[in-house]
Amino acid sequence: MRVPLVCPKDGTPLSVEQSAYSCRQGHRYAVVQDIPILLRDDVVANHRAFDESRATATNGVSAEGSAPPSGVIDPFVQGEIINTNGNLYRGLLGKLTRYPIPRFPMSDGGGRRVLDIGCNWGRWCIAAQRVGFQATGIDPNLKAVEAARRVSRQLGASPEFLVADGRNLPFPMDTFDVVFSYSVLQHFSRPDVEATLRQAERVLKPGGTMLIQMANVLGLRQMYNQIVDLTHGENGIFRVRRWLPWQLLSAFRENVGPATLTPDGFFTLNPQVSDVDLLPPFPRLVVSASVALCRVSAKFRPLRYFADSLFIEAHKPG
C-alpha cells in the first residue's frame, strides 16, 4: 500500500492531477517515470544531485532504463559503490559480482512501516523488506531512486521510492513505525541534521523507533581523516561532518526522545559482515577487527566512544 503524501511546504494532503501532485495551496510537484519529485524550490541544496533532480522535474525528461538481466549488476550501482559503501569497496568499483545487500539491524519487521532517509540505490530498503518491513526510501537524487527501482525489480523486491528531502518530509504525522538512515545525516550541517530529526519525529508513530548511523569525532580512523580533511581543505557540500557522542545524544534526546548509543564500526564507517566474500583481503581484515571490537565494547562500554561509526537509537514517547 502506497504511503500517503503531503505537501513538503505546507503539510496539506497531495492529490494527483495531470501527472503531477498538487495541494490545496497550489503547490505542484512533477512525477517523472511514475516517481514523485517532492523537492521544495525554495530551499538551499544540501546534496550535489539536488538541483539536477529539480531541473528534471521542470523539463520532465528522464533516462531511466529497464532492470538489468538476471546476474548483471546495474551500472549505476557499479559506479556508485564507493560513494554508498565507502573506501573498503574501492577495489570493487565496476567489478561487483552481486549486490551488497546488508543485514538490516532490526529483525522481525512484522509488516511495520520503515522510512529510509537517503536510500540511494535502495540497499537498506531491500534489506528491511527481507525481514518483514514495508519499506519506503527517499533520496534527493532522481538517478539513484531510478536505480533503486531497477535493482528492486531485479531482486524481486517492492519497496516504495520517491525523490524527497529529509528536511521536508512529504508524509503525514505518525506514518512510520521506524525511521532509519545510514551514513547520510553525517553529511548534513548541524542545523540540517536537527531539521531532519524534527521532521523524522513528526512522521514517526508514538512509541516508534529512530535508528540513525553517524560518524564519531573520537573514532580512531576518524581522527586521522580529520587531519587529512584539514590538510586538503575538505569543504564540499556533502563532506563527512563528525559529532562527539554526547552531542549526538543531546540532539536526539532534544528532538526525538530517550536515546542510546551503540558502536556500529571501528576503523571504518561501513563494516558489513554480509559483504566479506566480496572484499579484498585487507578490507576483510578491517571488518573482522571491527566486529571483534564491537563485541569487546559490549563488555567494556567506554570503548564504544571510540568507534568510528555509531548507531543512535531514539524512541518517540508513546
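Residues numbered from 1 in each chain as written. Predicted model: local features only at pLDDT ≥ 70, side-chain atom pairs only at ≥ 80, totals over all residues. Heavy atoms only, no water.

*Asks:* Any chance you could explain the side chain of Thr209 here in plain terms?
*Replies:* Within the secondary structure, Thr209 is located in strand β9 (residues 204–215). Owing to a relative accessible area of 10%, Thr209 belongs among the buried residues under this scheme. Discounting residues that sit within four places of it in the chain, Thr209 has contacts with Met106, Asp177, Val178, Val179, Leu204, Glu313, Ala314 and His315. (Helix = DSSP H or I, 4+ residues; strand = E, 2+ residues; numbered from the N terminus. Buried < 20%, exposed > 50% of the residue type's maximum accessible area, 1.4 Å probe, protein only. Contact = heavy atoms within 4.5 Å.)

*Asks:* Please explain helix α7 (residues 245–255) as it appears in this structure.
*Replies:* Residue pairs three or four apart in sequence face the same way in an α-helix, which turns once every 3.6 residues. Those residues of α7 lying buried are Pro245, Leu248, Leu249, Ala251, Phe252 and Asn255. Buried residues along α7 cover an arc of 165° about the axis, so they all sit on one side. Exposed and facing more than 90 degrees away from the buried side of α7 are Trp246 and Glu254. In this structure, the buried residues of α7 make contact with α5 (190–203), β9, β10 (259–265) and β11 (309–315). (Arc of directions from axis to C-beta.)

*Asks:* Quick question: what am I supposed to make of the pattern of salt bridges here?
*Replies:* Pairing between side chains of opposite charge can happen when their charged atoms approach one another. One pass over the full model with this rule turns up 14 salt bridges. Arg2 is paired through a salt bridge with Glu160; the nearest N and O atoms lie 3.3 Å apart. Of this pair, Arg2 sits in the segment before β1 (15–16) while Glu160 sits in strand β7 (residues 160–164); the two residues are 158 residues apart in sequence, bridging distant segments of the chain. The salt bridge partner of Lys205 is Asp177, with a shortest N-O separation of 3.4 Å. One end of the pair, Lys205, is in strand β9; the other, Asp177, is in strand β8 (residues 176–181), and 28 residues separate them in sequence. Taken together, the salt bridges that share partners define one network made up of Arg98, Asp275 and Asp277. (Salt bridge = Lys/Arg side-chain N within 4 Å of Asp/Glu carboxyl O.)

*Asks:* Got a minute to help me understand the state of the cysteines in this structure?
*Replies:* A covalent bond bridging the sulfur atoms of two cysteines is what the word disulfide describes. In the structure shown here, the tally under the stated rule is zero disulfides. The closest cysteine sulfur to the non-disulfide-bonded Cys119 is located on Cys125, 5.1 Å from its own sulfur. Judged by relative accessible area, which is 1%, Cys125 ranks as buried. (Disulfide = S-S within 2.5 Å.)

*Asks:* When you look at helix α1 (residues 50–59) in this model, what are you seeing that I'm missing?
*Replies:* Buried within α1 we find Phe50, Ser53, Arg54 and Thr56. For α1, the buried positions fall inside an angular range of 160° around the axis, keeping them on one side. Against the buried residues of α1 lie β3 (28–32), β4 (35–38), α4 (142–154) and β7.

*Asks:* What exactly am I supposed to notice about the nonpolar core here?
*Replies:* The nonpolar side chains of a soluble globular protein tend to be buried, and buried together. Counting residues in hydrophobic clusters, the biggest one holds 48 residues, and the most contacted among them are Phe104, Val114, Trp121 and Phe180. Secondary structure elements with two or more residues in this core: β4, α2 (75–85), α3 (123–130), α4, β7, β8 and α8 (281–299). For this core, the element with the most residues is α4, which contributes six residues. What Phe180 contacts, discounting residues up to four positions off in sequence, is Phe104, Pro105, Val114, Leu115, Asp116, Ile117, Trp124, Leu211, Ile212 and Phe311. (Core = buried A, V, L, I, M, F, W, Y, C linked by side-chain atoms within 4.5 Å.)

*Asks:* Sorry, what's going on with the packing of aromatic side chains here?
*Replies:* Applying the stated criterion to the full structure yields 10 aromatic pairs. Plain terms: the ring middles of Trp124 and Phe180 are 5.1 Å apart, the flat faces sit at 55° to each other, and that makes the pair tilted. Of this pair, Trp124 sits in helix α3 while Phe180 sits in strand β8, and the two are 56 residues apart along the sequence. With relative accessibility at 5%, the residue Trp124 sits in the buried group. The exposure class assigned to Phe180 is buried, which follows from its relative accessible area of 0%. For Arg190, the ring lying beneath its charged end belongs to Trp243, and the centroid distance is 4.5 Å. (Phe/Tyr/Trp six-rings, centres within 6.5 Å; stacked < 30°, edge-to-face > 60°. Lys NZ or Arg CZ within 6 Å of the ring centre and 35° of its normal.)

*Asks:* Looking at this structure, how should I read the environment of Val184?
*Replies:* Inspection of the secondary structure puts Val184 in the loop between β8 and α5. Under the relative-accessibility criterion, Val184 is labelled buried at 9%. Remark: the alpha-carbon pair of Val184 and Ile212, spanning 28 residues in sequence, is separated by 8.7 Å.

*Asks:* Can you walk me through the sheet that holds strand β6 (residues 134–139) in this structure?
*Replies:* Remark on secondary structure: sheet strands pair via backbone hydrogen bonds, oriented parallel or antiparallel. With mixed pairing, the 11 strands of this open sheet are ordered in space as β1-β2-β3-β4-β7-β6-β5-β8-β9-β11-β10. Each end of this open sheet is capped by a strand with a single partner; those strands are β1 and β10. Direction of pairing for β4 relative to β7: parallel, over a ladder of two bridges. Counted as the bridge partner of Ile37 is Val163 from β7. Contacts from α4 reach β3, β4, β6 and β7 within the one sheet, and its direction differs from that of β7 by about 175°. (Pairing = 2+ DSSP bridges. Axes fitted to C-alpha atoms, helices over the stretch in contact; angles between N-to-C directions.)

*Asks:* Hey, could you run me through the environment of Ile81 in this one?
*Replies:* Along the chain, the position of Ile81 falls in helix α2. Considering only alpha carbons, one finds Ile81 and Leu92, 11 residues apart in sequence, at a separation of 7.6 Å. In contact with Ile81, other than residues within four places in its own chain, are Gly86, Tyr89, Leu92, Leu93, Leu96 and Pro100.

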